Amino acid sequence: MAQTIEIKNGYVFDPLNEIDGEKMDIFIRDGKVVSELFESEIRNAKSIDAKGMTVMPGGVDSHSHIAGAKVNVGRIMRPEDSYKWARGKTALTHSGSGYTVPSVYLEGYEYSQMGYTTVFEAAVPPLEARHTHEEMRSIPMIDTGGYLVLGNNWFIMRYLRDGDIERAANYVAWMMKTHKTYGIKCVNPAGVENWGWARNVGSLDEANIHFDISPREIIHGLCEINELLGMPMSMHLHCNNLGQPGCCDITRESLAIPNKIKANQNLDVEWAETKIDSKRMQSVYLTHAQFNSFGGTSWGDFESGTKDIIDYVNKTDFIVMDSGCVPFGEATVMTGDGPAIHNLYALTGNKWSNTDIEMECGSGVIPFTYLKANPIHSVQWAMGLELLLMVEDVWKSIMTTDHPNGGTFLKYPQIIAWLMSQEAREKTFGECHAWARDRSDLGGVDRELSLYDIAILTRANPARTVGISHRKGSLGIGADGDVTIYNIDPTKLNTRNYEQVISNFEQAEYTIKDGQVVSQQGEIKMIPEKRTYYSDITVKDEGEKEMLLDVKEWFKYYTVGFANYPTPEKYLMNPTPIKVNNER
Ligand SMILES: [Zn+2]
């Protein structure tokens, strides 16, 4: 398979190398970016003329729900999601259906057609890791990895309560290896475990009813463990009280908890060349910030609460957040935060699913439609955009919809248009409930993001934030040959014509993965190899042994045997461990 390719004459946007629309050629040999090709190679290489087009690294989605038990529950619960959105098979592709929760094949094709090559599953419950990997393995076209849900894990809560940070760190390292997962996810710490007893937590200092440990202690502990181990990504946080009016206060307070913990990413990997530091700088990664930034005190005086969060992020440098935008339309809300979904069920009466996963976590799923006429939804739309437009340094934010919670990833092009065009925003204000303007600051924002900014939000920064920038999110020498070419001439770009911007981003002219054209103008051209990344953390043998004695003892409470707990490598497609050097 030819993996040698030249991309000529395009306008390149590669923020990790500070390349802002420069006209240049990109060369890929054996699937990796190189500085040049020999004459003899060029004769045999595939050549693409990208004249008058925009060239970016392949898209990276750092937070999306694409695989695992709750995604599948969403599919099962929602046959109506497949009625109007289905695709037949071709000689190369499987058939598939599902709009907000597509089948695994469709997920891969649709991401690829938009120019994405790497997507991280945002929540893997340990006991469901096998299933998650089985689904991820079946998603074609994109490299994947998953974040392990640990914020309500019994072992973590016990070890942290006892002040045994070493043992907790050994446990996390072992869990990453055992379940072949990539980073630490913390969802409504202490609250999800209480939900098993129909309770939640209301503040950062309200202790869990059985483990006597508070959300504050869990957040601090997991951030500390994360940096002690030198993990690729920082601790990935879904705050308490999510989706409740006024939750912006607890979010702002939660973000301050790790303010003294310094980022310590310590990877033993080959780094692609980049001009700016491609190591992550932050020690906490706040996810779907929009859902964590509700203002007001009730639904009656609901308003955007993003200002406090944005001000805090602007003046500190240890936080990155993704937006969790709401682009209107159909969604399926699914999260490890069982009580948050129950609240939504109580509010809407929509069909609802709740899962409790023994000793580890839980989840909830509910179908949801965001309407422009709905006052709350219209403010949520404005909030998602505020979070991307009012954070001064673009390197502190990432564009997501928390797919499929705020909406499907298929709406990314629509969000890009709103970010690049004030006129597009004004048009939507005109169609929205008046609250959108009255109860947010978005109306006063005249910032319009550039293609360079968009490249930061959709590839460079998600890659750096989750610690995969040694190979993704840049076009530096040594990076993976993942490239997207959009049919956009930056010298003629008119963002007032935002409908055109949307259609250009909906369908990449070319998506190239590992130096091969995998999709072109919406047509899948080949099914490339894909990889699954996970963190392989070295820890001292004695520490691990001692910790495992305790863990095995507790397995008498599990319904699975200890030997059946781990996820074997064969469940992964091309397992690709990221070596983490733990210098303790
Ligand atoms: Zn999520």
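Quick caveat: nothing in here was measured; it's all calculated off a predicted structure.

Coordination of the zinc ion by the protein involves H63 (NE2), H65 (NE2) and D402 (OD), with metal-donor separations of 2.1 Å. Of note, the donors binding the zinc ion are all from one chain and are spaced H-x1-H-x336-D. Placement of the pair is H63 in strand β6 (residues 59–64) and D402 in the loop between β18 (397–398) and α14 (412–420), with a sequence separation of 339 residues. Under the relative-accessibility criterion, D402 is labelled buried at 3%.

The next thing to look at is the layout of surface pockets. Over the atoms, a rolled probe matching the size of one water molecule traces out where space is still vacant. Taken as a whole, the largest pocket spans an internal volume of roughly 430 Å³. Lining of the largest pocket is provided by 28 residues; of these, G243, F291, F294, L344 and Q380 occupy positions nearest its centre. Elements with a minimum of two residues in the lining of the largest pocket: β15 (329–335), α12 (338–348), β17 (361–370) and α13 (375–389). Looking at the lining of the largest pocket, the element that brings in the most residues is α12, giving six residues. The residue inventory of the lining of the largest pocket, partitioned by class, reads 13 nonpolar, 13 polar and two charged. Quantified by volume, the second largest pocket comes out at close to 240 Å³. Lining the second largest pocket are 14 residues, with W85, R87, M114, L410 and E506 sitting closest to its centre. For the lining of the second largest pocket, the secondary-structure elements that each account for two or more residues are α4 (104–113), α14 and α18 (498–506). Grouping the amino acids of the lining of the second largest pocket by side-chain chemistry returns six nonpolar, four polar and four charged.

The next point concerns the environment of Y370. Along the chain, the position of Y370 falls in strand β17. Separated by 11 residues in the primary sequence, Y370 and W381 have C-alpha atoms spaced 9.0 Å apart. Separated by 2.8 Å, the side chain of Y370 and the backbone oxygen of N405 make a polar contact.

All right, on to the pattern of salt bridges then. With the rule as written, the count across this model stands at 36 salt bridges. As a salt-bridge pair, K70 and E121 come within 3.8 Å of each other at their nearest N and O atoms. Remark: E121 occurs in strand β9 (residues 116–124) and K70 occurs in helix α2 (residues 69–77); sequence separation between them is 51 residues. Exposure class is identical for K70 and E121. Each is buried. For the salt bridge of D480 with R531, the shortest nitrogen-to-oxygen distance reads 3.6 Å. Here D480, found in the loop between α17 (451–465) and β19 (483–486), pairs with R531, found in the loop between β22 (523–524) and β23 (532–537); they are 51 residues apart in sequence, far enough to count as distant. By the burial criterion, D480 is buried, and R531 matches it. One network of salt bridges, with partners in common, ties together K32, D143, R471, K472, D480, D482, K513, D514 and R531.

Taken N-terminus to C-terminus, the directions of helix α6 (residues 154–161) and helix α7 (residues 165–179) make an angle of 160°; their axes are 8 Å apart at the nearest point. Classified by the interaxial angle, the pair formed by α6 and α7 is roughly antiparallel. In this structure, α6 crosses over α7, and the sense of that crossing is left-handed. Here F155, I156, Y159 and L160 of α6 lie close against α7, whose contacting residues are I165, R167, A168, Y171 and V172. Of the residues assigned to the contact of α6 with α7, the class counts are eight nonpolar, no polar and one charged.

Among the nonpolar cores identified, the biggest contains 78 residues, and Y171, Y182, L229 and V551 are the most heavily contacted of them. Element by element, the count of residues in this core is highest for α7, at eight residues. Not counting the four nearest positions on each side in its chain, V551 is found in contact with F155, Y159, Y171, W174 and F562. Core analysis: the next-biggest nonpolar cluster, separate from the first, contains 73 residues, A67, L385, L389 and M399 among them.

The buried count for β17 comes to nine of 10 residues, which makes it a mostly enclosed element. As paired strands, β15 and β17 are joined by seven bridges and run antiparallel to one another. Looking across to β17, one finds that V333 is bridged to I366. Here strand β16 (residues 353–357) pairs with β17 via five bridges, running antiparallel. Residue pairing across strands places D356 opposite G362, the latter belonging to β17.

Reading the values: rules and limits
Residues numbered from 1 in each chain as written. Predicted model: local features only at pLDDT ≥ 70, side-chain atom pairs only at ≥ 80, totals over all residues. Heavy atoms only, no water. Donors = N, O, S within 2.8 Å, 3.2 Å for Na, K, Ca; no water. Helix = DSSP H or I, 4+ residues; strand = E, 2+ residues; numbered from the N terminus. Buried < 20%, exposed > 50% of the residue type's maximum accessible area, 1.4 Å probe, protein only. 1 Å grid on protein atoms, 1.4 Å probe; cavity = no way out; pocket = protein on both sides within 12 Å on 5 of 7 lines; lining within 4 Å. Points joined across faces, edges and corners; volume = space filled by probe spheres on them. Nonpolar A, V, L, I, M, F, W, Y, C, P; charged D, E, K, R; others polar. Polar contact = N/O pair within 3.5 Å; in protein donor to acceptor, adjacent residues only side chain to side chain. Salt bridge = Lys/Arg side-chain N within 4 Å of Asp/Glu carboxyl O. Axes fitted to C-alpha atoms, helices over the stretch in contact; angles between N-to-C directions. Parallel < 35°, antiparallel > 145°, perpendicular 65-115°, else oblique. Left-handed = near helix turned anticlockwise from the far one by under 90°. Contact = heavy atoms within 4.5 Å. Core = buried A, V, L, I, M, F, W, Y, C linked by side-chain atoms within 4.5 Å. Pairing = 2+ DSSP bridges.

These results come straight from atomic positions and should not be treated as a statement about function.
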